[in-house]
Amino acid sequence: MSQKHYNVTGMSCGHCVASITEEVREVAGVSEVVVDLAANTVTVHGTGLDDERLRAAIVEAGYEVGDPVPA
C-alpha cells in the first residue's frame, strides 16, 4: 500500500472534509482518505494511486491542490 500527501487550500469545515473525502474515494485504488483541516493537508492511502486523478478529484470537490508533499 502506498500513500500520497497534498497541501490543499480553501478547506475550513466538516463539509470540506466530506466533499474531498467523497470525491477522492471514487478514484481507483483509494482505500482511505485523511483530511487534516488544521494542517491543510489531504493524505490518501491505497494501491496504484494515480497522482493526476487524485488531484482532479480534489479540484472537482472545489479546492486548490498543491504539489505532493513528503510523508
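What counts as what
Residues numbered from 1 in each chain as written. Predicted model: local features only at pLDDT ≥ 70, side-chain atom pairs only at ≥ 80, totals over all residues. Heavy atoms only, no water. Pairing = 2+ DSSP bridges. Helix = DSSP H or I, 4+ residues; strand = E, 2+ residues; numbered from the N terminus. Axes fitted to C-alpha atoms, helices over the stretch in contact; angles between N-to-C directions. Contact = heavy atoms within 4.5 Å.

Visitor: Talk me through the sheet that holds strand β3 (residues 41-46); I want residue IDs and the actual numbers.
Guide: Judged by pairing direction, the sheet is antiparallel, and its 4 strands sit side by side in the order β2-β3-β1-β4 without closing on themselves. Two strands in the sheet have a free side with no partner beyond their single neighbour: β2 (30-36) and β4 (64-69). Strand after strand, the sheet turns through a mean of 25° between neighbouring axes, direction not considered. Examined bridge by bridge, β2 and β3 share 6 bridges and lie antiparallel to one another. Residue pairing for β3: Val33 is matched across the bridge by Val44. Across the sheet, helix α1 (residues 14-25) lies against β1 (2-9), β2 and β3, angled at about 160° from β2, the strand it touches most.

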